[in-house]
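Here are the chains, one letter per residue:
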Amino acid sequence: MERVPALDEPLKKIVGGNTAKVMAAHLDLHTVGDLLHHYPRRYAERGELTRLADLPLDEHVTVVARVAKAVKKTFNNGKGVRLEVVVTDGSGALTLVFFGRSVFHHEKALVPGRRGMFAGKVSVFNRTRQLSHPDYALLDPEAGEDAASAADAFAHQLLPLYPACKQLASWQLAKSVDLLLDTMEATNWEGLVDPLPDTLREGRGFETLPSALLKIHRPRSKADIAAARDRLKWDEAFVLQVALARRRYADTQLPAVPRARRADGLLDAFDAKLPFTLTEGQQQVSAEIFADLATEHPMHRLLQGEVGSGKTLVALRAMLAVVDTGGQAAMLAPTEVLAQQHHRSIVEMMGELAEGGMLGGSEHGTKVVLLTGSMGAAARRQALLDLVTGEAGLVIGTHALIEDKVLFHDLGLVIVDEQHRFGVEQRDALRAKADRTPHLLVMTATPIPRTVAMTVFGDLETSVLDQLPAGRSPIASHVVPAKDKPHFLSRAWDRVREEVEAGHQAYVVCPRIGDEEDAAAERKGSTRPRAGDAREGESGTEAGAGTETSDTEGTAERRPPLAVLDVAEQLAKGPLQGLRTEVLHGRMHPDDKDAVMRRFAAGEADVLVATTVIEVGVNVPNATAMVIMDADRFGVSQLHQLRGRVGRGSAAGLCLLVTDMPEASQARARLGAVAATSDGFELSRIDLEQRREGDVLGQAQSGVRSSLRMLAVIDDEEIISAAREEAVATVAADPELEHLPALRTALDALLDAEREQYLDKG
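Let me sum up the structure you'll find in this document. (Residues numbered from 1 in each chain as written. Predicted model: local features only at pLDDT ≥ 70, side-chain atom pairs only at ≥ 80, totals over all residues. Heavy atoms only, no water.)

## A few points about the overall build of the protein
Looking only at helices and strands, the protein features 27 helices and 21 strands. The 762 residues of the protein split such that 54% are buried. Summarising the internal contacts of the protein: among those between residues at least 6 apart in sequence, 74% fall at separations of at least 24. Carbon and sulfur atoms form 49% of the exposed surface of the protein, whose accessible area is close to 32900 Å². (Helix = DSSP H or I, 4+ residues; strand = E, 2+ residues; numbered from the N terminus. Buried < 20%, exposed > 50% of the residue type's maximum accessible area, 1.4 Å probe, protein only. Contact = heavy atoms within 4.5 Å. Areas by Shrake-Rupley, 256 points an atom, 1.4 Å probe, with all protein chains shown as cover.)

## Thoughts on the side chain of Asp632
Take Asp632: it is sitting in the loop between strand 20 (623-628) and helix 22 (636-643). The exposure class assigned to Asp632 is buried, which follows from its relative accessible area of 5%. A polar atom in the side chain of Asp632 sits 2.7 Å from the side chain of Thr659. (Polar contact = N/O pair within 3.5 Å; in protein donor to acceptor, adjacent residues only side chain to side chain.)

## Quick notes on the packing of helix 12 (residues 280-293) against helix 13 (residues 311-324)
Packed helices, taken two at a time, are described by their axes: the angle between them and the distance between them. It is at 10 Å that the axes of helix 12 and helix 13 come closest, and there the two elements cross at 35 degrees. Of the two possible hands of crossing, helix 12 and helix 13 adopt the one that is right-handed. Residues Gln282, Val285, Ser286, Ile289, Phe290 and Leu293 of helix 12 form the contact with helix 13, whose own contacting residues are Leu313, Val314, Arg317, Ala318, Ala321 and Val322. (Axes fitted to C-alpha atoms, helices over the stretch in contact; angles between N-to-C directions. Left-handed = near helix turned anticlockwise from the far one by under 90°.)

## Points about helix 14 (residues 336-350)
With 15 residues, helix 14 extends 21 Å between its outermost C-alpha atoms, agreeing within 8% with the 21 Å of an ideal straight helix rising 1.5 Å per residue. Inspection of helix 14 places Glu336, Val337, Leu338, Ala339, Gln340, His342, His343, Ile346 and Met350 among the buried residues, and these make up the whole buried set. Its side-chain oxygen at 3.1 Å from the backbone nitrogen of Leu338, Thr335 defines the N-terminal cap of helix 14. (Expected span 1.5 Å × (residues − 1).)

## Details of the sheet that holds strand 12 (residues 392-397)
Pairing within the open sheet is parallel, and its seven strands lie in the order 11-12-10-13-14-9-15. Taken across any chain shown, the strands that pair with only one partner, and hence form the sheet edges, are strand 11 (367-371) and strand 15 (461-465). Strand-to-strand twist in this sheet, taken as the mean axis angle between neighbours without regard to direction, amounts to 20 degrees. Bridge count for strand 9 (residues 300-305) against strand 15 is five bridges, and the pairing is parallel. When the bridges of strand 15 are listed, Arg301 appears paired with Glu461. Helix-sheet contacts for helix 14 involve strand 10 (328-332), strand 11, strand 12 and strand 13 (411-417), and the interaxial angle to strand 11 is about 170 degrees. (Pairing = 2+ DSSP bridges.)

## Things to note about the pairing of strand 14 (residues 439-444)
Counting buried positions over the six residues of strand 14 gives six, a clear majority of the element. Alternating residues of strand 14 divide into His439, Leu441 and Met443 and Leu440, Val442 and Thr444, and every residue in both groups is buried. Relative to strand 14, strand 9 is paired through five bridges, and the arrangement is parallel. Bridging from a neighbouring strand, His300 pairs with Leu440 of strand 14.

## Details of the nonpolar core
Membership of the largest hydrophobic core comes to 39 residues, with the highest contact counts inside it found for Met350, Leu394 and Leu413. No other element matches the 10 residues that helix 13 contributes to this core. What Leu413 contacts, discounting residues up to four positions off in sequence, is Leu293, Met299, Ala318, Met319, Val322, Gln328, Ala329, Ala330, Pro438, His439, Leu440 and Leu441. (Core = buried A, V, L, I, M, F, W, Y, C linked by side-chain atoms within 4.5 Å.)

## A short note on the pairing of strand 21 (residues 653-659)
The buried count for strand 21 comes to seven of seven residues, which makes it a mostly enclosed element. Of the two faces of strand 21, the one holding Gly653, Cys655, Leu657 and Thr659 and the one holding Leu654, Leu656 and Val658 are both buried throughout. As defined by bridge partners, strand 16 (residues 475-481) adjoins strand 21 across seven bridges and the pair is classed as parallel. The residue of strand 21 that forms the bridge with Pro481 is Thr659. When strand 20 meets strand 21, the two strands line up parallel, connected through four bridges.

## A short note on the sheet that holds strand 18 (residues 581-584)
One open sheet holds the six strands; their spatial order is 16-21-20-17-19-18, and the pairing between them is parallel. Looking along the sheet, the strands with just one partner apiece sit at the ends: strand 16 and strand 18. Ignoring which end each strand starts from, the neighbouring axes of this sheet average 20 degrees apart. Strands strand 17 (505-509), strand 18, strand 19 (607-610) and strand 20 of the sheet are contacted by helix 21 (residues 590-601), whose axis makes an angle of about 145 degrees with strand 18.

## Brief notes about the packing of aromatic side chains
Evaluation of the coordinates by the stated rule reveals five aromatic pairs. Considering the side-chain rings of Phe98 and Tyr136, the 6.1 Å spacing of their centres and the 75 degrees angle between planes classify their relative orientation as edge-to-face. Placement of the pair is Phe98 in strand 4 (residues 93-99) and Tyr136 in strand 7 (residues 135-138), with a sequence separation of 38 residues. Classification of Phe98 by relative accessible area gives buried; the value is 1%. An aromatic cluster is defined as three or more aromatic residues linked by ring pairs; in this entry it consists of Phe98, Phe118 and Tyr136. (Phe/Tyr/Trp six-rings, centres within 6.5 Å; stacked < 30°, edge-to-face > 60°.)

## A look at the pattern of salt bridges
The tally for this structure, following the rule as stated, stands at 34 salt bridges. We note a salt bridge from Asp235 to Arg231, for which the minimum N-O separation is 2.7 Å. Here Asp235 pairs with Arg231, and both are found in helix 10 (residues 222-253), just four residues apart, close to one helical turn. Within this structure, Asp178, Asp182, Glu185 and Arg218 form a network of salt bridges that share partners. (Salt bridge = Lys/Arg side-chain N within 4 Å of Asp/Glu carboxyl O.)

## Here we look at helix 3 (residues 17-27)
Regarding helix 3, the residues found buried are Ala20, Met23 and Leu27. The arc that holds the buried residues of helix 3, viewed along the axis, is 85 degrees, so those residues lie on one side. Facing away from the buried side of helix 3 by over 90 degrees, the exposed positions are Asn18, Lys21 and Ala25. One or two residues past the end of helix 3 sits Asp28, with phi positive at roughly 60 degrees. (Arc of directions from axis to C-beta.)

## Some words on the environment of Val368
Tracing the chain through its elements places Val368 in strand 11. Taking the C-alpha atoms as reference points, Val368 and Ala354, separated by 14 residues in sequence, lie 5.8 Å from one another. Beyond its immediate chain neighbours, meaning those up to four positions away, Val368 contacts His343, Ile346, Val347, Met350, Ala354, Leu394 and Ile396.

## A few points about the environment of His106
Here His106 shows up in helix 5 (residues 103-109). Expressed as a C-alpha distance, the spacing of His106 and Ala70, which sit 36 residues apart in the sequence, is 9.6 Å. Beyond its immediate stretch of four places on either side in the chain, His106 contacts Leu83, Phe98 and Tyr136. There is a polar contact of 2.8 Å between the side chain of His106 and the side chain of Tyr136.

And the structure:
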């Protein structure tokens, strides 16, 4: 069914070409429907002033305040003039600064006592928060004949404050919305599609859609806003849950080979030789996975577990269960270091069971092969042969597993480790190598916001490992404000020396490598890779470093990220002089990387200066301290993963998060959250609150392109859960939505071609 033309109508026909261009370029608003669903962020009331004390730094804001004083000053020996206007709301003050010829116009308008709406980007100068050349509209009417009527018209009105941009202020958006609402009312809301079935809407007592849209944009009371929000949140939750429910329904129709656990096979032989007992959590999670594997439709499960909680062992047992059924299992790792680590540890755990078909191997055994991009030709040919013939039951590899030349005899299970480092397309490419859709298990210590959102939406079956193995030590984490308090950084290096003198080792992590290719990339103006898109070592910034942050706090003016090669040299000549320092990054030859890690693990180096190549899979129990430089350039998941490299032995761990960002910035708040808790899932929820969930139906991993405009995943879990129940019942009764054309139309509007394809692959 075609989407309704009225909602698809380009905005230029309503608001004019120039305004429409700005809306499209800076706010991603293109159609009538987009603007109708561009809801106010909050509301200001006449007599109620916005709190200036809580203004976020480096963000575009709109405030309602009163002029306290205005002072004109000269500079440059009287050649230049500026106007400084101090506005207040009772909670704090803000300075508005104007330069040039316009000063005299603003001086006349902005006299003490006048009240207005001011919009601009918050910055700091001489420790004072200010807006430079803000847009503004005065709210108090000028004295004159119409003063009383203007004041009366404005009285008791709730002023919608819209998400805006530098090029288009909130009140300008409000005018465009008003124009659109007048047009829609004049045509009796012709073409507006209500996605909620009448029985659902009436049964839950919701507003009609036109009424909800009027109340959200033109509220007469706070009760209007609450009623509109209740209705519009349900719209988003229900339509999205219907999309996910239809996909889950389609998944149940896909055939998969059941991989029921068999007795007296490879798995039982492996369990019998384990030198320890599985934790309760490992046993419970394994039971959930085995139950999924035994079904005739593909498993799609997320295994979330703290760093060091035993996820790899649980995954290995699932792989062995699949091998017992005659199938093969593949584990996809984001880096060669991690792939090699997994291969080495799995072979060690399995012993003779990993030597299937070899002299001295067990009768229950199978081959465990490693496949990476840097392998020699002969080893690679043998690995590919073992996979296509079925000789190898288990394969651990990097992106090399996805290449066309890789063929499997019977791929039954795909395991993706550190799933936030891979895109949906990459996971899908590996699953496509099976004749029938294989089972899928994705693992992570700290899910990205989108993954947390999908678990809230119930789209991912989730297993959680929250028990740490015996012997793990606590990790103390602290933020080091290097710019505000340089002596804190000096103390950080003293702490590293103290740990080394006590017989321990330390990591220093930097977001960039710092070699010639790095410099060339900077000259070309290359951007940082998106998480999961870049292979390790393909850019100067290690793949994944800095990819999860959504802060744009002054990044254009900031220095380049600190680099491993530069920092290692500075430390060796300065604060860590005399200590044995090694360097590790993703563009080193794999043999060199392996040699460095082996030396560090053997205690032949005191300090390892590295990129995020050490983020996962590196296990050196004697390493007790970590200093993360430019920590604000890393995402929460990365910081938590990196921190998990220390405290792996009997001695307590220490993680120092070094940053130049000011105390009031979002980046500092995020680092403070990381320092305050070691719970990976709690950190992910904090990350979700700060960055939003991204495009739940697409590839964006932060809130810029979110499918959700009203719904907040963390705050509205009850609504999402209730909407899921309604959606499941709706799809079960009418999978194709043949009897619900309005819902089908709303679904088509939500799912463009890209998002539809993304859901199919998900």
